[in-house]
Amino acid sequence: INQFDLGAPTHGHIQAVLFTPKDPNSELEGFLFINFYLATGARNGSSDAARKYEQLAPLLRLPSGLRTIMCGDFNFVESNDDTTSLNAKNHFLAV
């Protein structure tokens, strides 16, 4: 088990863990598990979209070609019925 440190913008929001078999000769394949809790709202002059980008961009440094499982809270909505915000720019489809 190997946890990746993706940098300060991801701390408390994204956890990436690589699971590999103990036996290097095993027929089992390793996999990457990524858990999200993306930030919402503007902070310190950064827009909501900019904060999410800062959190997601470090994922490009993770190894590719692995089975990957992603789960968590992406903090976006697809329908006006699913939000308490009246501001359309907070809706996923408006981005």
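Our subject is the structure that appears above.
Let me sum up the structure you'll find in this document.

Attention now goes to the overall build of the protein. When its secondary structure is counted, the protein shows 1 helix and 4 strands. Written out in order from the N terminus, the α and β elements of the protein read β-β-β-α-β. Counting contacts in the protein only where the partners sit at least 6 residues apart, residues at least 24 apart contribute 44% of the total. Element-wise, carbon and sulfur atoms account for 53% of the exposed surface of the protein, whose accessible area totals about 7000 Å².

Before going further, it helps to examine the sheet that holds strand 1 (residues 2-4). Pairing is mixed across the open sheet formed by 4 strands, whose spatial order is 1-2-3-4. Sheet topology places strand 1 and strand 4 (67-73) at the edges, where each strand pairs with a single neighbour. Direction aside, neighbouring strands of the sheet carry axes that sit 20 degrees apart on average. As judged from the 3 bridges shared by strand 1 and strand 2 (residues 14-19), these two strands associate in the antiparallel manner. Each bridged residue has a counterpart across the sheet, and for N2 the counterpart in strand 2 is L18.

A separate point is the packing of aromatic side chains. By the definition in use, this model includes 1 aromatic pair. Ring geometry for F19 against F31: centres 5.0 Å apart, planes inclined by 10 degrees, an arrangement best described as stacked. In this pair, F19 is assigned in strand 2 and F31 in strand 3 (residues 31-37), connecting sequence segments 12 residues apart.

Cut-offs applied
- Residues numbered from 1 in each chain as written.
- Predicted model: local features only at pLDDT ≥ 70, side-chain atom pairs only at ≥ 80, totals over all residues.
- Heavy atoms only, no water.
- Helix = DSSP H or I, 4+ residues; strand = E, 2+ residues; numbered from the N terminus.
- Contact = heavy atoms within 4.5 Å.
- Areas by Shrake-Rupley, 256 points an atom, 1.4 Å probe, with all protein chains shown as cover.
- Pairing = 2+ DSSP bridges.
- Axes fitted to C-alpha atoms, helices over the stretch in contact; angles between N-to-C directions.
- Phe/Tyr/Trp six-rings, centres within 6.5 Å; stacked < 30°, edge-to-face > 60°.

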